[in-house]
Amino acid sequence: MTIEQPPSSPLSPFPTRTGPVHLQTNNPKFPWLVQKFGGTSVGKLPLGIVEVVNRKYLPTNRVAIVCSARSTESKELGTTNRLLRAAEEAIKAESTEWVDIIEGIQESHIAAAREVVKARAIFDEFRVEVERECRSLRGFLGAAQIINEISPRSKDVIIGTGEKLSCMFMTAVLRDRGVDAEYISLENILPPNHLPTYTANSKTLTPSFYKTLATLLEFRIRSLPAHKVPVITGFFSPVPGSLLTTIGRGYTDLCAALLSVSLKAQELQIWKEVDGIFTADPRKVPAARLVSFITPEEAAELTYYGSEVLHPLTMEQVVTVGIPVRILNVWKPYSSGTIICAKKPTKAAHPLTLTPPVSDGEDDDDDEYFEGEEKEKKLPTAVTMKKDIHLLTIHSNRKSLSHGFLASVFQTLDQHELAIDLISTSEVHVSLALLNTSPHAIAAAVEALEVYGSVDARGGLCIVSLVGRHMKHMVGVAGRMFTSLAEAGVNVEMISQGASEIGISCVVREEAAVGAVNILHAKLFW
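The rules behind the values
- Residues numbered from 1 in each chain as written.
- Predicted model: local features only at pLDDT ≥ 70, side-chain atom pairs only at ≥ 80, totals over all residues.
- Heavy atoms only, no water.
- UniProt positions renumbered as here; feature names shortened; annotations may be inferred.
- Helix = DSSP H or I, 4+ residues; strand = E, 2+ residues; numbered from the N terminus.
- Buried < 20%, exposed > 50% of the residue type's maximum accessible area, 1.4 Å probe, protein only.
- Contact = heavy atoms within 4.5 Å.
- Areas by Shrake-Rupley, 256 points an atom, 1.4 Å probe, with all protein chains shown as cover.
- Phe/Tyr/Trp six-rings, centres within 6.5 Å; stacked < 30°, edge-to-face > 60°.
- Lys NZ or Arg CZ within 6 Å of the ring centre and 35° of its normal.
- Pairing = 2+ DSSP bridges.
- Axes fitted to C-alpha atoms, helices over the stretch in contact; angles between N-to-C directions.
- Salt bridge = Lys/Arg side-chain N within 4 Å of Asp/Glu carboxyl O.
- Parallel < 35°, antiparallel > 145°, perpendicular 65-115°, else oblique.
- Nonpolar A, V, L, I, M, F, W, Y, C, P; charged D, E, K, R; others polar.

- The protein goes by Aspartokinase in an unreviewed UniProt entry, where it is assigned to Tuber borchii.
- Word for word, the UniProt comment on the protein under Pathway (unreviewed entry) is "Mycotoxin biosynthesis."
- Per UniProt, the comment on the protein under Sequence similarities (unreviewed entry) is "Belongs to the aspartokinase family."

## Side note on the overall build of the protein
Alright, step 1. Of the regular secondary structure elements, the protein holds 15 helices and 16 strands.
Alright, step 2. Burial analysis of the protein (526 residues in total) assigns 53% to the buried set.
Alright, step 3. Here the contacts in the protein between residues at least 6 apart in sequence split such that 78% fall between residues at least 24 apart.
Alright, step 4. When the accessible surface of the protein is totalled, it reaches about 23400 Å², and 53% of it is carbon and sulfur.

## Quick notes on the packing of aromatic side chains
Alright, step 1. Applying the stated criterion to the full structure yields 4 aromatic pairs.
Alright, step 2. Their ring planes at 75° and their centres at 6.4 Å tell us that Tyr57 and Trp271 sit as a pair that is edge-to-face. With a gap of 214 residues between them, Tyr57 in helix H2 (residues 46-57) and Trp271 in strand E5 (residues 268-272) connect regions that are remote in the sequence. Grouping residues by exposure puts Tyr57 and Trp271 together as buried.
Alright, step 3. Relative to Tyr210, the ring of Phe209 lies with its centre 5.4 Å away and its plane at 85°, an arrangement referred to as edge-to-face. Both residues of the pair, Phe209 and Tyr210, count as buried.
Alright, step 4. A connected cluster of aromatic rings, assembled from ring pairs, spans Phe37, Tyr57 and Trp271.
Alright, step 5. Seen from the ring of Phe169, Arg70 lies directly overhead, with NZ or CZ sitting 5.7 Å from the centre.

## With respect to the sheet that holds strand E9 (residues 325-329)
Alright, step 1. Reading across the sheet, the 8 strands line up as E3-E4-E2-E1-E5-E9-E10-E8 and stay open at both edges, with mixed pairing between neighbours. On the outer flanks of this sheet lie strand E3 (181-186) and strand E8 (293-294), each paired with one strand and no other.
Alright, step 2. Pairing of E9 with strand E10 (residues 338-340) involves 3 bridges; the strand directions are antiparallel. Within the sheet, the bridge partner assigned to Ile327 lies in E10 and is Thr338.
Alright, step 3. With respect to the sheet, helix H7 (residues 207-222) is in contact with strand E1 (32-37), strand E2 (62-67), E3 and strand E4 (229-236), its orientation differing from that of E3 by roughly 150°.

## Topic: the sheet that holds strand E15 (residues 494-497)
Alright, step 1. Overall, antiparallel pairing links the 6 strands, which are arranged E12-E13-E11-E14-E16-E15 in an open sheet. For this open sheet the edge positions go to strand E12 (420-425) and E15, each flanked by a neighbour on one side alone. Neighbour-to-neighbour, the strand axes of the sheet open up by a mean angle of 30°, direction not taken into account.
Alright, step 2. Lying on the sheet, helix H14 (residues 477-487) is in contact with strand E14 (453-467), E15 and strand E16 (503-509); it crosses E16 at an angle near 15°.
Alright, step 3. Here helix H15 (residues 510-524) sits on the sheet in contact with strand E11 (382-396), E14 and E16, set at roughly 35° to E14.

## Observations concerning the pattern of salt bridges
Alright, step 1. If you walk through the whole model with that rule in mind, you get 26 salt bridges.
Alright, step 2. Two residues, Asp281 and Lys284, come together in a salt bridge whose shortest N-O distance is 3.2 Å.
Alright, step 3. On the basis of relative accessible area, Lys284 is assigned to the partly exposed category, the value being 29%.
Alright, step 4. Put simply, Glu129, Arg132, Glu133, Lys164 and Glu187 are held in one network by salt bridges that share partners.

## Description of the packing of helix H4 (residues 97-116) against helix H6 (residues 152-176)
Two quantities define a packed helix pair, namely the angle between the helix axes and the distance between the axes.
Alright, step 1. H6 packs onto H4 with a crossing angle of 10° between their chain directions and a minimal axis gap of 10 Å. As the angle between them shows, H4 and H6 are arranged roughly parallel. For the pair formed by H4 and H6, the contact residues are Ile105, His109, Ala112, Ala113 and Val116 on the first element and Leu165, Ser166, Phe169, Val173 and Asp176 on the second.
Alright, step 2. Broken down by class, the residue content of the contact of H4 with H6 amounts to 7 nonpolar, 2 polar and 1 charged.

## Considering unusual backbone geometry
Alright, step 1. The step from Ser237 to Pro238 runs through a cis peptide bond, and the omega angle for that step is -10°.
Alright, step 2. By secondary structure assignment, the location of Pro238 is in the loop between E4 and helix H8 (243-246).
Alright, step 3. Unlike most non-glycine residues, Asp388 shows phi in positive territory, near 60°.
Alright, step 4. Tracing the chain through its elements places Asp388 in strand E11.

## So, the packing of helix H9 (residues 251-263) against helix H11 (residues 312-319)
Alright, step 1. Where H9 contacts H11, the axes come no closer than 8 Å and their chain directions differ by 5°. The angle between the axes of H9 and H11 places the two elements in the roughly parallel class. Only Leu313, Thr314, Gln317 and Val318 of H11 make contact with H9, whose side of the interface consists of Asp253, Leu254, Ala257, Leu258, Ser260 and Val261.
Alright, step 2. Class assignment of the residues belonging to the contact of H9 with H11 gives a composition of 6 nonpolar, 3 polar and 1 charged.

## Points about the environment of Ser424
Alright, step 1. Structurally, Ser424 can be placed in strand E12.
Alright, step 2. Look at Ser424 and you get partly exposed, because its relative accessible area is 31%.
Alright, step 3. With 72 residues separating them in the primary sequence, Ser424 and Ser496 have C-alpha atoms 6.2 Å apart.
Alright, step 4. Discounting chain neighbours no more than four positions away, the residues touching Ser424 are His429, Val430, Ser431, Met494 and Ile495.

Have a look at this one:
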């Protein structure tokens, strides 16, 4: 498919700062580096982001920045969740709360800029653009209230306002501090006439979607003057179905990954408020240690079973072309963080470049270590937990063949849009661990499954997972895991080992989960 080059992006709403300040710019001769900053980093430490960009990386790299919607305390209180709440309120006939929410978002962004932007011209232009954006959103929600409907695609437009305001804010802050930044919105970057070709079904995007978006991102960035530092919205549209339903809340990381691919970046950096990936959640396990290196498979497994690492789609895009991902702490800009790549690198200057991985299916990285270090002891990489799990155990009434029984169970769960986290089966019995995202759907599924036999449903459970690339070569690790839990008096409700052989999981009562994770960390990680 031929992709037409989109029209040039509109001029940035921020004026170029004039005066004696020497603007820091991108050097076209340097390799690209893509940096993605989370919403709490933008909200709490905007000047720290300037420090990261201006002092640490602009002297050696050509930098592109992607920002999530701004928040200050937590994701729950962040701009995106406030916008979603405004959308819910807007379709209530008599509600005016959505107006107050939008007003609050507008004022919080202006107040934040007032604290850190010193140049009056830059602040005034930012304030005008924020007011214009919020006025437009109020009109959009007002129309939605009249027709009493907000479609999934309309909800995308609403949440996209958060990323636009965040990137406008960071562009103003960077310019005020002497970085020649340029705001770029990815709204309407995808040609709407091609949307039907991007889906294999209503929920799955085809590879052509990601390839097209990466190509369009490259067009957009290449259209800028080469010296500009682009500040890019993590939000992009339009997306088949909708951004939230087809991709989910990890769309900002995915955008940064596709941008890295399109620019052939030296590295993708994900800046958070933690030092990197730990052997366990340090909030629950005080003895948890920072992991300097982790494979994409381990990161995906940890993400799936409860750790907030990266959206699996993000890693899939960059790792296949050999671009390493580094998790870094915006509060500690000179720390090395955790690097995610297929092969453990030797010590090198940051950032680093890797060639695309070529795997023969064997775990052949066991003997590659950081220079100057002794050969490391084979240990699990991390232990994690996933809360709010429901366990269904179906005992077949033997009125159907075993293969028909399992097929019927899976079809029933699919009809109720329930995803299976863990499974353990015999010929006529099956136990399934599900994330309890919809109690109503689980109840309906249980009722439907009773046609095939008796169903035991229990909630208040948690999945505890032990993950590590060395584990398939660690003789007796499963025995040590369950012996440790038994000695601590932790009852295991279900056991499952992943097909990749890098993870062993079990289901325990939720009240015992934190203790179980601490026991496993103490017994197996030293």
